[in-house]
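Coordinate analysis (summary)
Listed here are the chains, written in short residue letters.
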Amino acid sequence: MTTTTVQQFDFLMEGKLKGALSGKYFDAINPSNGDVFAHIADADAIDVEMAVSAARLGFDHGRWPQMSKSERGEFLIKFADLIRENAKELADLECWSVGKTTKHATFIDVPTCADTFEYFGKLPSSLTHESLRQWHQVNSMFEREPMGVVVLIIPWNYPLIMSAWKLAPALLAGNCVVLKPSPTACASIMYLARLAAQLGLPKGVLNIIASSRPQAGDELVGSPEVDMVSFSGSTKTGEAVMAKAAKGVKKLTLELGGKSPNIVFADCDMDAAIGGVLSAIFMNQGQMCTAGSRLLVEDKIYKEFVDQLVERTRKLSIGPADHFETEFGPLVSVSHRDSVLKYIEKGKQEGATLAYGGKVPEGLNPKGAYLEPTIFMNVRNSMSIAQEEIFGPVLCVIPFTSVEEAIHIANDSKYGLAAMIWTKDLEKANKLAKKLRCGTVWINTYGVFLNEAPFGGYKQSGFGRELGLAGYWEYTQIKHIATDQTPGGRSLVTSWF
C-alpha cells in the first residue's frame, strides 16, 4: 500500500459495507505531506439515525444479547487474528492519518489493538453469576446484563487502541454498538470496518460510521434510542456530551484531558529519567492525554537535568512519519500545529524561557504539519502553558525543593489523569503516589497500559474506567434476583400478611 493509491472507505452498517445515502465522501489528509490518501464516507443525519436504528433492532430482536459470553468472546478473538493478519495495512493508515511514526504504529498501536480484543475475548472464563447470600429461605444473587445500544466516540490521537479499549468490552457484554471515530484521523478505523464485515456478526451488532459534520456526535448522544455513551476527547467537548446525555438520563463514561506531572527527584537514575521524560512528552508528538507535559525537577539537579534533556532532544530525528528512521513526525494537521504555536507564543509572553524548539523546522515538506519539540524552563505552575492542555510537544519545566512542594504543584491542576515519579527511593515514591490526585501513577516508567489494569481520570479528566474488569463492568447494568426457595413461596417475608 502506498500513498499514491487513494482508497475509498465506507460505513459498516447491518453487517454490510455501504456508503452514505448522499454519496458524499470527505478527504483524509496525510500530515507528513498534505496529500489526500483516502476518501471517507460522510454521514448525514439520516445515516446517523440508520446506524442507531440498526443497533437498536439488533439488540431488541437479535440474538447477540442472548448468546453466551464465550460465544461473543470467540468473535473478539477472531477479530484479533484479522487485525494481526492486516497489521501492515493498519499501521500504514495509522501513520498517514495521525502522523504517528511507523515504529510507533507498527510496534505499539496495532499489536495493542489486537491484544486488547484477544484479552477480552478470553475473559469470559472469569465472568460468572455472582451469588450474594441466603436470607432465611430466599436465595439472593445478582448478574450483570448489557446496557443496550452503546455509542462509542473516540479521538484522533490513538484511533486503533481507543477503538479496541471501548469496542471489546462493550461487545463482550452483549451490547450493540455504534462507533464514531474523529474525522481528523479515521482511515484505520474504517479499515477495521472492512475487517469486521468478515466476522459474521449478527446484523446490527457493530456499526461504524464517520462524519465531517461536528453535529454528528450530538445526534448520536442525543438519540432517544441510545442507552449509553462512552466518550474520549477534550474536557470541553466532554462537558457538552455530558449535558446532551442528561436528556434521557443516559449512562456515561468520559476519558478527558490531562496535564500530567512528571516528578524527577535528585536521587533518580538520570539516564532512565531523561529517557522517560522524552517518551512522556514527545511520543506521538505529545498528542497524548497522559503526556507528562509538566516536568517537576528537584532544584538540586534542575540545570544539569534540563541541559542533558535539551541535548537529547536535539538529536531526535524529525521527518515524515512513514520513514522508518523518523523518531518525531508531524502533528495531526496544520491547523492543530498552528494552535500549538499560539501556546508557544503565549508561554514566551508569560515569561517562560524557551530552552529549545518552538519553531517550524526547516527543510521539510512545507505542506506538512511539522513543529520542533519544545522545552520551556522557568515555568510557574500558574502560567497558561502549565495549566491548559496544549496537546502537543511542549514541555513545561518547573523546579521544586521538597516532596511537599512537589505534591502541591502536581495536584494544582483541574486535571487528574496520570503522573510519573522518578526516584531510587521506592518507599518515598509509593507514599507520594498515594497523595497524587490522579487515576494512574507510573514509578520509574511511563505509558505502561495493561489490559487487566483499569485506566481513567480524577477531577476534570473524567469518570469511569477503560480496560480490565472495571472497564468491562462499565458496559453492564446489575440486576438483583431474589428467589423464595420454600414450596409455594411461603417464606418469612410472604407470611407477614
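Look up: the structure comes first, before these words.
Throughout what follows, the structure given in this document is the object of discussion. These figures come from a predicted structure and were not determined experimentally. (Residues numbered from 1 in each chain as written. Predicted model: local features only at pLDDT ≥ 70, side-chain atom pairs only at ≥ 80, totals over all residues. Heavy atoms only, no water.)

**Remarks on the overall build of the chain**
Note the following rule: Think of it this way: any DSSP run of H or I at least four residues long counts as a helix, any run of E at least two long counts as a strand, and we number them from the N terminus. Residue burial is assigned from relative accessible area. The probe radius is 1.4 Å, only protein chains are included, and a residue is buried under 20% of its type maximum, exposed over 50%, and partly exposed in between. Residue contacts follow a heavy-atom distance rule, with two residues in contact if any of their heavy atoms lie within 4.5 Å. Calculation of accessible area relied on Shrake-Rupley with a 1.4 Å probe; when residues are assessed, cover is drawn exclusively from the protein chains displayed. Charged residues are defined narrowly, with Lys and Arg counted positive, Asp and Glu counted negative, and His plus the chain ends left uncounted. Positions of charges follow a simple convention, taking NZ of Lys, CZ of Arg, CG of Asp or CD of Glu.
When its secondary structure is counted, the chain shows 15 helices and 23 strands. Across its three principal directions, the C-alpha atoms of the chain cover 80 × 55 × 40 Å. Counting only residues that meet the buried cut, the chain has 56% of its 497 residues in that class. Sequence separation of 24 or more characterises 73% of the internal contacts of the chain that already satisfy a separation of 6 or more. Total accessible area on the chain stands at roughly 20,200 Å², and carbon and sulfur atoms take up 53% of it. Across the chain, 50 positive and 55 negative side-chain charges occur, with their mean positions spaced 4 Å apart.

**Overview of the pattern of salt bridges**
As a reminder, the rule being used: Salt bridges are counted wherever a side-chain nitrogen of Lys or Arg sits within 4 Å of a carboxyl oxygen of Asp or Glu.
Summed over the entire model, instances satisfying the criterion amount to 25 salt bridges. For Asp44, the salt bridge goes to Arg213, with nearest N and O atoms at 3.8 Å. Of the two residues, Asp44 is situated in the loop between β5 (36-41) and α1 (45-61) and Arg213 in the loop between β10 (206-208) and α7 (215-222); the sequence distance between them amounts to 169 residues. Given a relative accessible area of 19%, Asp44 falls into the buried group.

**Re the pairing of strand β19 (residues 418-422)**
Just so we agree on the cut-off: Only strands that DSSP links by at least two bridges are regarded as paired with each other. Handedness of a crossover: with both strands directed away from the viewer, a clockwise path from the first strand across the helix to the second marks it as right-handed.
Here β19 lies mainly inside the structure; five of its five residues are buried. Pairing of strand β13 (residues 261-264) with β19 involves three bridges; the strand directions are parallel. Across the sheet, residue Asn262 finds its bridge partner in β19, namely Met420. One crossover worth recording links β19 to the parallel strand β20 (residues 440-443) by way of helix α14 (residues 426-435), and it is right-handed.

**As for the packing of aromatic side chains**
The condition is simple: What counts as a ring pair is set by centres within 6.5 Å for rings of Phe, Tyr and Trp (its six-membered ring), and what kind of pair is set by the plane angle: stacked under 30 degrees, edge-to-face over 60, tilted for all other angles. Whether a charge lies above a ring is judged from NZ of Lys or CZ of Arg, which has to be within 6 Å of the ring centre and within 35 degrees of the ring normal.
In this structure the tally under the stated criterion is 13 aromatic pairs. Where Phe449 meets Phe455, the ring centres are 5.1 Å apart and the plane angle is 80°; that geometry is what we call edge-to-face. Residue Phe449 is classed as partly exposed on the basis of its relative accessible area, which comes to 34%. Clustering of aromatic rings is evident, with ring pairs tying together Trp165, Trp442, Tyr446, Phe449 and Phe455. Seen from the ring of Tyr158, Lys100 lies directly overhead, with NZ or CZ sitting 3.6 Å from the centre.

**Notes on the sheet that holds strand β1 (residues 7-9)**
For clarity, the cut-off: Axes, fitted as lines to C-alpha atoms, cover a helix only where it is in contact. Angles between the N-to-C directions of the axes lie from 0 to 180 degrees.
Ordered in space as β1-β5-β4, the three strands form an open sheet in which the pairing is mixed. Edge positions in the sheet fall to β1 and β4 (25-29), since each of these pairs with one other strand and no more. Within this sheet the neighbouring strands show an average axis-to-axis angle of 30°, counted without direction. Here β4 pairs with β5 via five bridges, running antiparallel. By the bridge assignment, Ala28 is partnered in β5 with Ala38. Lying on the sheet, helix α3 (residues 87-98) is in contact with β1, β4 and β5; it crosses β5 at an angle near 95°. Sitting on the sheet, helix α6 (residues 187-196) touches β1 and β5, and the angle it makes with β1 is about 70°.

**Let's talk about the side chain of Thr486**
Worth spelling out the cut-off: Identification of polar contacts relies on pairs of N or O atoms within 3.5 Å, with a donor-acceptor requirement for protein atoms, meaning one able to donate a hydrogen and the other able to accept it, and with residues adjacent in sequence counted only if both atoms are side-chain atoms.
Counting through the fold element by element, Thr486 comes out in the segment after β23 (476-484). Among the polar contacts made by the side chain of Thr486, one reaches the side chain of Asp484 at a distance of 2.6 Å.

**Here we look at a nonpolar patch on the surface**
In plain terms, the rule: Patch members must show over 30% relative accessible area and no salt bridge, and they are joined within 9 Å when carrying like charges or within 5 Å when they are nonpolar side chains of Val, Leu, Ile, Met, Phe, Trp or Tyr.
Where nonpolar side chains cluster on the molecular surface, the patch consists of Phe107, Ile108 and Phe324 and spans about 310 Å² of accessible area. On the accessibility criterion, Phe107 (57% relative accessible area) is exposed.

**Considering the sheet that holds strand β14 (residues 294-298)**
Within the open sheet, the seven strands sit side by side as β15-β16-β17-β14-β13-β19-β20. Their pairing is mixed. Across the chains shown, the open sheet's two edge strands, defined by having one partner strand only, are β15 (353-356) and β20. For this sheet, the mean angle separating the axes of adjacent strands, direction not counted, is 25°. For strand β16 (residues 374-377) and strand β17 (residues 394-400), the ladder comprises three bridges, and the chain directions are parallel. Residue pairing for β17: Thr374 is matched across the bridge by Val394. In this fold helix α11 (residues 334-349) packs onto β15, β16 and β17, with an angle of close to 20° to the strand it touches most, β16.

**Thoughts on the packing of α3 against α6**
Definition in use: Oblique is the label for every angle not falling under 35 degrees (roughly parallel), over 145 degrees (roughly antiparallel), or within 65 to 115 degrees (roughly perpendicular). Each residue is assigned to one of three groups, with Ala, Val, Leu, Ile, Met, Phe, Trp, Tyr, Cys and Pro labelled nonpolar, Asp, Glu, Lys and Arg labelled charged, and all others, Gly among them, labelled polar.
The N-to-C vectors of α3 and α6 enclose an angle of 155°; their axes lie 8 Å apart at closest approach. Considering the angle they form, α3 stands roughly antiparallel to α6. Note on element contacts: α6 touches α3 through Ala187, Ser188, Tyr191, Leu192 and Leu195, opposite Glu89, Leu90, Leu93, Glu94 and Ser97. Classifying every residue of the contact of α3 with α6 by side-chain character gives six nonpolar, two polar and two charged.

**Details of the side chain of Asn30**
Structurally, Asn30 is set in the loop between β4 and β5. Under the relative-accessibility criterion, Asn30 is labelled buried at 2%. In terms of polar contacts, Asn30 uses its side chain to reach the backbone amide nitrogen of Ser32, at 2.9 Å.

**Considering the packing of helix α2 (residues 69-85) against α6**
Definition in use: For any helix crossing, the convention is left-handed if the near helix is rotated counterclockwise from the far helix by under a right angle, and right-handed if that rotation is clockwise.
One can describe the packing of α2 onto α6 by two numbers: an axis separation of 10 Å at closest approach and a directional angle of 125°. Looking at the two axes, α2 sits oblique to α6. Considering only the axes of α2 and α6, their crossing is right-handed. Residues Phe79, Leu82 and Ile83 of α2 lie in contact with α6, whose contacting residues are Leu192, Leu195 and Ala196. A per-class count over the contact of α2 with α6 returns six nonpolar, no polar and no charged.

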